[in-house]
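Observations on chain architecture
The chain contents come next:
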Amino acid sequence: MKTKTLFLVGLLLFSGLVRAQNQLAALMPMPNHIQLAKNAGAFKFNTQTIIVADTLKLGFATRLLRQNISNRLGLHLKTSPSSKQSNNTIRLVLDATLQGKEHYVLQVNQKEILIKGASAAAILYGVITLDQLMEGDALATSQKALTAITVDDEPISSFRALMLDPARNFLPIEGVKRYIDQMYKYKYNVLQLHLSDDQGWRVEIKSHPKLTELGAFRRKGAGAQGPHNGFYTQAELKDLVKYAADRNVQLVPEIDVPGHTVALMVAYPQLRCDIAKDEQFDMEKTTNKMLSAAKPEVYQVLDDVIRELADIFPSKTIHLGGDESAIESNWAKSPENLALMQQLGYTQAAELMNYFFGKVLSSTRKYGLKAILWCELDNIRMPASRYLFDYPKDVTLVTWRYGLTPKCMELTKASGHQLILAPGEYAYFDYPQYKNDFPEFNNWGMPTTTLEQTYKFDPTYGQKPADIKQVIGVMGTLWGEAIPDINRANYMTWPRALALAEAAWTRMEQRNWASFKDRLYPNIMAIMKAGTAVRAPFELAP
Ligand code: TNX
């Protein structure tokens, strides 16, 4: 009797442990295809396990893998480009026959762990998923084992972005690197930097030094490195580009024109619209004043800026803003712009946006850059029916205004523009994550975007992927008016960016709020362990 009871208790405990160990428990974003191998055993790590990888081409992924194994298992594995050993290996294999730049296959069996992909980025993603498997299967990991599994995974979107806004409040470069350290682990591959706005110009431009001398220092005596003052040198940005590229993150600079340009107009007053000629600007404020469309110097300065940015950012993509231009109170009241309008035979001042971007886009083409612009429709409140501006087809648009994304999808499908989705209702991470949560200042009555609300984001809007081929991805935006430093930026980002990462990566059929909530905890812990600020979503506690 006694033995029987002990046996039953033992069995119960054992089954409890079996249930607690779950290889899928920390996967984020959820891979698109997983095959669990029944009774196929496990890979056992030991001091003789060897990492086989081309360390020249796969340097970063290999270092990350060694680091992860050392952190989790305390084993310091040897790495070699080839091996006679046919088992007890972790092999990273570049395989050009695999379709898709970010497509990886991760196979775990008793003999070996194999990660295959056609690019260093794909292999890196396999290494990240491997680490999440080990995080989830805590019991096996504690025994230096990994249960057999196959993951065959690639993203639904090629553009998976977050955006930081160091223009409103400057974010020193070290903090931006730490930000990239987290975002790449959730397979984000683009970081947009909003480098100019009314409140600051944050990138060194050698041909126009006043941009930073005057435009990067809005508050005298308030320090050189944020929140009010500061800029990135070109050398710092080139270093950041490399740092990000190792982690498969492409940097996209944004220079916001022709609105949101007070810092630029403080540095070079001759570029202002004539009606703002004598205005005393306060760079702390958003004043809705614009560059002139009629002054040739404007296009010369922007050409120089674009040329220098093309040299810093090898990804050759630039965002040129185009949002919230107060055309009616600027160009439509300005003698020089009205004269230009007449000369061009335009009937509305808004048409000057086509002229303005026609000129600026000839510079981006000249320097081999692809341009992105914020999508503005003819009515910023619904209903909206058409593009306000007739931009050329090689421009990618970003939909952002609350409720207007389905309309933008419909219009770009007809027009042929590529589209990135940053809908205010899901992806605006400057908005509070819960009622009465931050931001505690500069909150103009922002709507609340809860974690669950972000998770609800369906980037297909219920359509078949084949019917929305113009949609290339999604972006979460951290507008910075109420974000004084990188800690706050992180607090606003996490965990909502986990939800958005899954929207960008995982097919809708594979997504599930209950499963996401289960997988949140180990990931919030991982972000905290890295010393990164994150909001605890206490509203989800039962
Ligand atoms: C609108 S989104 C803006 C930004 C602000 C943001 C605040 C967009 C293209 N323009 O300038 O920072 O709202 O949420």
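Our structure is the block above this text.
Residues numbered from 1 in each chain as written. Predicted model: local features only at pLDDT ≥ 70, side-chain atom pairs only at ≥ 80, totals over all residues. Heavy atoms only, no water.

1. Quick notes on the sheet that holds strand β19 (residues 471–478)
To keep things clear, this is the line we draw: Pairing between strands is defined by DSSP: at least two bridges between them are needed. Going along the chain from the N terminus, every DSSP run of H or I of four or more residues is numbered as a helix, and every run of E of two or more is numbered as a strand. Each axis is a line fitted through C-alpha atoms, taken for helices only over the stretch in contact, and angles between the N-to-C directions span 0 to 180 degrees. The contact criterion used is simple: two residues touch if any of their non-hydrogen atoms lie within 4.5 Å.
Strand order in the closed barrel made by the eight strands is β10-β11-β14-β15-β16-β17-β18-β19, with parallel pairing throughout. Direction aside, neighbouring strands of the sheet carry axes that sit 30° apart on average. Bridge count for strand β18 (residues 419–421) against β19 is three bridges, and the pairing is parallel. By the bridge assignment for β19, Leu419 is matched with Val471. Contacts between helix α12 (residues 405–415) and the sheet are confined to β17 (396–399), β18 and β19, with β18 contributing the most and set at about 165° to the helix.

2. Digging into the state of the cysteines
Filter applied, for reference: In this description, a disulfide is simply a cysteine sulfur pair whose atoms lie within 2.5 Å. Relative accessibility thresholds used throughout: buried, under 20% of the residue-type maximum; exposed, over 50%; partly exposed, between the two (1.4 Å probe, protein chains only).
Applying the stated rule across the entire model yields zero disulfides. Take Cys375: it sits in no disulfide, and the sulfur closest to it among the cysteines is that of Cys408, at 3.2 Å. The class for Cys408 is buried, based on a relative accessible area of 2%.

3. Some words on the environment of Asp153
We apply this condition: Each polar contact in these results corresponds to two N or O atoms within 3.5 Å; when the atoms are within protein, one needs to be able to donate a hydrogen and the other to accept it, and residues that are neighboring in sequence are counted only if both atoms are side-chain atoms.
Locating Asp153 in the fold gives a position in strand β9 (residues 149–153). The spacing of Asp153 and His103 is 50 residues in sequence and 5.7 Å in space, taken between C-alpha atoms. Setting aside residues up to four positions removed in sequence, Asp153 forms contacts with Pro31, Asn32, His33, Glu102, His103, Tyr104 and Trp505. There is a polar contact of 2.7 Å between the side chain of Asp153 and the backbone nitrogen of Asn32. Of note is the side chain of Asp153, whose polar atom sits 2.7 Å from the side chain of Tyr104.

4. Re the sheet that holds strand β7 (residues 112–117)
The strands making up a sheet associate through hydrogen bonds between their backbones, and the pairing can be parallel or antiparallel. Spatially, seven strands are ordered β1-β9-β6-β7-β5-β3-β4 in an open sheet, and the strand pairing comes out mixed. This sheet does not close on itself; its edge strands, each paired only once, are β1 (34–36) and β4 (78–80). Across this sheet, the average inter-strand angle for adjacent strands is 10°, counted without regard to direction. Alignment of β1 against β9, held across three bridges, turns out to be antiparallel. When the sheet's bridge partners are listed, Gln35 is paired in β9 with Thr150.

5. Section: the packing of helix α5 (residues 173–183) against helix α7 (residues 234–246)
The following threshold applies: Angle categories are assigned with fixed cut-offs, so that under 35 degrees is roughly parallel, over 145 is roughly antiparallel, 65 to 115 is roughly perpendicular, and the rest are oblique. Under this grouping Gly is polar, as are all residues other than the nonpolar Ala, Val, Leu, Ile, Met, Phe, Trp, Tyr, Cys and Pro and the charged Asp, Glu, Lys and Arg.
Contact geometry of α5 with α7 gives a least axis separation of 11 Å together with a crossing angle of 10°. Considering their axes alone, α5 and α7 lie roughly parallel with respect to each other. Note on element contacts: α7 touches α5 through Glu236, Leu237, Asp239, Leu240, Tyr243 and Ala244, opposite Ile173, Val176, Lys177, Arg178, Ile180 and Asp181. Per-class residue counts for the contact of α5 with α7 are seven nonpolar, no polar and five charged.

6. A word on the nonpolar core
Among soluble globular proteins, nonpolar side chains are generally buried collectively. The criterion, for reference: What is meant by a nonpolar core is a set of buried Ala, Val, Leu, Ile, Met, Phe, Trp, Tyr and Cys residues, joined one to another through side-chain atoms within 4.5 Å.
In terms of nonpolar packing, the biggest core is built from 149 residues, with Phe45, Leu164, Ile180, Leu191, Phe356 and Phe357 touching the most fellow members. Among all residues touching Leu164, those that are not within four sequence positions of it are Leu171, Val176, Tyr179, Leu191, Gln192, Leu193, His194, Leu478, Ile486 and Ala489.

7. Here we look at the site of the ligand
Selection criterion: Whether a residue is near a molecule or strand is decided by its heavy atoms; if any one of them lies within 4 Å of it, the residue is near. The Shrake-Rupley method, run with a 1.4 Å probe sphere, supplies the accessible areas, and residue values consider only the shown protein chains as cover.
Every residue lining the ligand is accounted for by Arg168, His260, Asp323, Glu324, Trp374, Trp400, Tyr428, Asp430, Tyr431, Trp444, Trp479 and Glu481. At a separation of 2.8 Å, a nitrogen atom of the ligand approaches a polar side-chain atom of Asp323. Residue Glu324 places a side-chain N or O atom 3.4 Å away from a nitrogen atom belonging to the ligand. When the ligand is considered free in solution it has 360 Å² of accessible area, and contact with the protein chains removes 94% of it. Here the residues of the shell around the ligand are counted per class, giving six nonpolar, one polar and five charged.

8. So, the pattern of salt bridges
Filter applied, for reference: The rule for a salt bridge is simple: a side-chain nitrogen of Lys or Arg has to be within 4 Å of a carboxyl oxygen of Asp or Glu.
Applying the stated criterion across every chain, the model contains 30 salt bridges. Residues Glu279 and Lys289 are paired through a salt bridge, measuring 3.1 Å at the closest nitrogen-oxygen approach. Here Glu279, found in the loop between α8 (262–267) and α9 (296–312), pairs with Lys289, found in the loop between α8 and α9; they are ten residues apart in sequence, far enough to count as distant. By relative accessible area, Glu279 is classed as partly exposed at 26%. Note on Lys289: relative accessible area 19%, which makes it buried. Here Arg488 makes a salt bridge to Glu440, at a shortest N to O gap of 3.0 Å. Taken together, the residues Arg488 in helix α15 (residues 486–493) and Glu440 in the loop between α13 (424–427) and α14 (451–455) connect sequence positions 48 residues apart. Looking at Arg488, the relative accessible area reads 14%, which means it is buried.

9. Overview of the side chain of Asp303
Tracing the backbone shows Asp303 in helix α9. For Asp303, the contacting residues outside a window of four places in its chain are Ser363, Lys366 and Tyr367.

10. A few points about unusual backbone geometry
Trans is the prevailing form of peptide bonds, just as negative phi is the prevailing case for residues other than glycine. In this chain, Met28 is followed by Pro29 through a cis amide linkage whose omega measures -5°. In this fold, Pro29 is placed in the loop between α1 (2–20) and β1. Put simply, Gly226 and Pro227 share a cis peptide bond, and its omega is 0°. In this fold, Pro227 is placed in the loop between α6 (210–213) and α7. In this model, Asn248 sits at a positive phi of 55°, which is unusual for a non-glycine residue. In this structure, Asn436 takes a positive phi of about 70° despite not being glycine. Looking at the element boundaries, Asn436 is found in the loop between α13 and α14.

11. Overview of the packing of helix α16 (residues 496–505) against helix α17 (residues 513–529)
Two measures define how a pair of helices packs: the angle their axes make with one another and the distance between the axes. To keep things clear, this is the line we draw: Less than a right angle of anticlockwise turn of the near helix away from the far helix marks a crossing as left-handed, whereas a clockwise turn marks it as right-handed.
The interhelical angle for the contact between α16 and α17, taken along N-to-C directions, is 125°, at an axis separation of 10 Å. Comparing the axis directions of α16 and α17 gives the class oblique. Helix-helix and strand crossings are classified by hand; for α16 and α17 the assignment is right-handed. Together, Leu498, Ala499 and Glu502 of α16 and Phe516, Arg519, Leu520, Asn523 and Ile527 of α17 make up the contact between the two elements. In terms of residue class, the contact of α16 with α17 is built from five nonpolar, one polar and two charged.

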